[in-house]
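What the coordinates show
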Amino acid sequence: MSIYQKNLRRLGLVLMCVSILDVFLELTFYMYLSTSTLSFTRQMQSPVGICLKDGFGLITGILACIQYYHKEHARWILRIEALLLLLVFPAIIISTKGKITNRIDSLINATVILMAMVVYTALQLERSERNWQRICDQRASMLDLKLPDIHQWFNSIEIGPKLELNQDISSVVDRFLETSKDSKPLEITVHCPHESSEATRATMQEVFQMHYEDEERRVNSYLERRYIRVMALVILSIVAVSVWINFSPSNDEGVTWTILSNFAAFSLWQIGSTYFERSEGYGELLRVQIAKQAKLHFWAD
């Protein structure tokens, strides 16, 4: 399963929960302010605007879950999700009273940010599948390896619980893929001094594939941790920015509000840093997946 597909389902569930919780809290807060003598400097959305915003978020979350289970309709679902994201911006701006700066600040909320993340993840899912199909359609690149002894294919140190690929072999394959100009399918010709049996060839192919399956799980685990980190930082930064914008005093911020604003800025900076780390991780994942699908050919010199 693609990591984008798995995260799309998670984001859809989170977005549905956040949308339901947000409409309940904002409508409750709006009704409280309308019947209370408490003065609130920031202008809130109208009830219609709140329902529209969270309604769009709820529908987007449901579509993300549908897209997870029905990949054949992914393109049309993505278009609807992108349309809902575009519609939520004027809905918030029009339904919010006050100055234009106040209306633009209203766009910074959990529902809109999560909707943007859903659309972005869906776009990445479609792009990754399109790129993989493009790679599979290309002519395979050839790599020749020469083994003085057939047993050098295996790691001589580890003999259990399973056979391991020799690190020299994996290093050569990894470097070949890293330095290739284009991403293409891989075929490896193994030159051996003697003819090897079918069982030995099958074992070599299996050990090679299992090695890169382990590498794929390792890279996926790394990307999972980075994705969870991004989501946590997004939520923290949204909360911090919202509190700072809506409740900070205009004349004298004080130490507390200064720390809160700096924390929000630091979280946003960490999101950008983590994004570039994930981009590098996806490049490594693509190379691992190409190596995992590599075909081995054997030639006796």
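Further up the page is the structure itself.
Residues numbered from 1 in each chain as written. Predicted model: local features only at pLDDT ≥ 70, side-chain atom pairs only at ≥ 80, totals over all residues. Heavy atoms only, no water.

Before going further, it helps to examine a nonpolar patch on the surface. Residues L21, F24 and L25 make up a contiguous nonpolar surface patch of roughly 330 Å² in combined accessible area. Within the fold, L25 resides in helix α1 (residues 3-35). Classification of L25 by relative accessible area gives partly exposed; the value is 48%. (Patch = residues over 30% accessible without salt bridge, like charges linked within 9 Å, V, L, I, M, F, W, Y side chains within 5 Å. Areas by Shrake-Rupley, 256 points an atom, 1.4 Å probe, with all protein chains shown as cover. Salt bridge = Lys/Arg side-chain N within 4 Å of Asp/Glu carboxyl O. Helix = DSSP H or I, 4+ residues; strand = E, 2+ residues; numbered from the N terminus. Buried < 20%, exposed > 50% of the residue type's maximum accessible area, 1.4 Å probe, protein only.)

A separate point is the packing of aromatic side chains. Within this structure, the stated rule accounts for 3 aromatic pairs. The interplanar angle of 90° and the centroid separation of 4.7 Å between the aromatic rings of Y68 and Y69 together place this pair among those described as edge-to-face. Exposure remark for Y68: the relative accessible area of 15% places this residue in the buried category. Clustering of aromatic rings is evident, with ring pairs tying together W153, F208 and Y212. Of note, R9 hangs over the ring of Y68, and the distance from its end group to the ring centre comes to 5.4 Å. (Phe/Tyr/Trp six-rings, centres within 6.5 Å; stacked < 30°, edge-to-face > 60°. Lys NZ or Arg CZ within 6 Å of the ring centre and 35° of its normal.)

Another point: the pairing of strand β1 (residues 141-146). Here β1 shows a buried face lined by S141, L143 and L145 and an unburied face lined by M142, D144 and K146. Pairing geometry for β1 and strand β2 (residues 186-192), over 6 bridges, is parallel. Bridge pairing in β2 places M142 opposite E187. Handedness of the crossover joining β1 and β2 through helix α6 (residues 167-179): right-handed. (Pairing = 2+ DSSP bridges. Right-handed = clockwise from strand over helix to strand, strands pointing away.)

Pairing within the open sheet is parallel, and its 3 strands lie in the order β1-β2-β3. A single partner strand is all that each edge strand has here, and the edge strands are β1 and β3 (295-300). Here the strands of the sheet are splayed against their neighbours by 25° on average, with no regard to which way each runs. Here β2 runs beside β3; their pairing, made up of 6 bridges, is parallel. Residue pairing across strands places V190 opposite F298, the latter belonging to β3. (Axes fitted to C-alpha atoms, helices over the stretch in contact; angles between N-to-C directions.)

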